[in-house]
Amino acid sequence: QVQLVESGGGLVQPGESLRLSCAASGSIFSINTMGWYRQVPGKQRELVASITNLGSTNYADSVKGRFTISRDNAKNTEYLQMNTLRSEETAVYYCNADIRDQLWRLRNYWGQGTQVTVSS
């Protein structure tokens, strides 16, 4: 009964910013690494950024310096602040997390995805 729900996608112009959120809910005991991926039709899903439960971050080279991943452990929520967006970053963005539930099972979960469109 663990669920990830993304929000914050939309249409922006090149150079603008957008902030994505992903809230985890359900029978959660703890959350390990959380991440954001994106996928364009016909291409493989790619990692954009990830963050461990201790706050260590990892970014794809193409977004370093423009995107910032963060999390609020008290709210079981992660965020992706995306600045200076480019048209080629139009994609469906997915939230991902390694979650241990109340029965001590560790599983990987995906959100349903949120569309980000960067276009003038």
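Refer to the preceding data block for the structure.
Numbers given to residues run from 1 along each chain, matching the order in which its sequence is written. With pLDDT at 70 or above as the cut-off, local features in this predicted model cover only qualifying residues; side-chain atom pairs require 80 or more to be listed or tallied, and sums for whole chains, interfaces and linings still use all residues. Only hydrogens and water are set aside; all other atoms, that is, all heavy atoms of the structure, feed into the side-chain values.

**With respect to the sheet that holds strand 1 (residues 3-7)**
Strand pairing in a sheet takes place through backbone hydrogen bonds and is either antiparallel or parallel in direction. Any two strands with at least two DSSP bridges between them are considered paired. Secondary structure elements are defined from DSSP: runs of H or I of at least 4 residues count as helices, runs of E of at least 2 residues count as strands, and each element is numbered from the N terminus. Read from one edge to the other, the open sheet built from four strands follows the order 1-3-8-7, with strand pairing classed as antiparallel. The open sheet has two free edges, formed respectively by strand 1 and strand 7 (67-72), since each of these has just one partner strand. Direction aside, the axes of adjacent strands within the sheet are offset by 15° on average. Summarising the sheet, strand 3 (residues 18-25) and strand 8 (residues 77-82) pair through six bridges and their orientation is antiparallel. Bridging across to strand 8, Cys22 finds its partner in Glu78. Here an axis means a line fitted to C-alpha atoms, over the contact stretch when the element is a helix, while the angle between two N-to-C directions is reported on a 0 to 180 degree scale.

**What to know about unusual backbone geometry**
We note that Thr84 has phi near 50°; this positive angle belongs to a residue other than glycine. As for its placement among the helices and strands, Thr84 is situated in the loop between strand 8 and strand 9 (91-101). The backbone phi angle of Trp104 is positive, close to 75°, even though this residue is not glycine. Tracing the sequence through the fold places Trp104 in the loop between strand 9 and strand 10 (106-110). Taking relative accessible area as the criterion, Trp104 reaches 51% and is therefore assigned exposed. Accessibility here uses a 1.4 Å probe with only protein chains present; expressed as a share of the type maximum, an area under 20% marks a residue as buried, one over 50% as exposed, and anything in between as partly exposed.

**What to know about the state of the cysteines**
Disulfides are defined as pairs of cysteine sulfur atoms found within 2.5 Å of each other. Enumeration over the complete set of coordinates arrives at one disulfide. Each sulfur of the disulfide joining Cys22 and Cys95 lies 1.9 Å from the other. The chirality of the disulfide connecting Cys22 with Cys95 is left-handed, given an S-S dihedral of about -70°. With a gap of 73 residues between them, Cys22 in strand 3 and Cys95 in strand 9 connect regions that are remote in the sequence. As far as the burial class goes, Cys22 and Cys95 line up, both buried.

**Some remarks on the layout of surface pockets**
Here the idea is plain: a probe the size of a water molecule rolls over the atoms and shows the empty space left. The computed volume of the largest pocket comes to approximately 150 Å³. Lining the largest pocket are 14 residues, and of these Arg38, Val40, Glu46, Glu88 and Glu89 lie nearest its centre. When residues of the lining of the largest pocket are traced back to their parent elements, those giving at least two are strand 4 (28-39) and strand 9. In this classification, Asp, Glu, Lys and Arg are treated as charged, Ala, Val, Leu, Ile, Met, Phe, Trp, Tyr, Cys and Pro as nonpolar, and every other residue, Gly included, as polar. Of the residues that constitute the lining of the largest pocket, the class distribution is three nonpolar, four polar and seven charged. Cavity: a set of points on a 1 Å grid over the protein atoms alone where a 1.4 Å probe fits but cannot get out. Pocket: an open set with protein on both sides within 12 Å along at least five of seven lines, its lining residues, like those of a cavity, having an atom within 4 Å of a point. Grid points are joined across faces, edges and corners, and a volume is the space filled by probe spheres set on the points.

**Remarks on the environment of Val116**
Tracing the backbone shows Val116 in strand 11 (residues 114-118). Not counting chain neighbours up to four residues away, the residues in contact with Val116 comprise Gly9, Gly10, Leu18, Leu20, Met82, Glu89, Thr90, Ala91 and Tyr93. Contacts: residue pairs with any heavy atoms within 4.5 Å of one another.

**Examining the side chain of Arg71**
Mapped onto the secondary structure, Arg71 falls in strand 7. In this structure Arg71 is buried but unpaired, with Glu78 as the nearest side chain of opposite charge at 6.9 Å. Whenever two N or O atoms come within 3.5 Å, that pair is a polar contact, provided that in protein one can donate a hydrogen and the other can accept it, and provided that, for residues adjacent in sequence, both atoms are side-chain atoms. A distance of 2.7 Å separates a polar atom in the side chain of Arg71 from the backbone oxygen of Asn32. The residues contacting Arg71, other than those within four sequence positions of it, are Ile31, Asn32, Thr33, Met34, Ile51, Thr52, Asn53, Thr77, Glu78 and Tyr79. The charged-residue count follows a simple rule in which Lys and Arg add positive charge and Asp and Glu add negative charge, with His and chain termini not counted at all. Salt-bridge detection follows one rule: a side-chain nitrogen of Lys or Arg within 4 Å of a carboxyl oxygen of Asp or Glu.

**Examining the pairing of strand 11**
Of the two faces of strand 11, the one lined by Thr114, Val116 and Val118 is fully buried and the one lined by Gln115 and Thr117 carries no buried residue. In the sheet, strand 9 pairs with strand 11 via three bridges, with the strands oriented antiparallel. Each residue of the ladder has a partner; that of Tyr93, found in strand 11, is Thr114.

Structural measurements only, silent on function.
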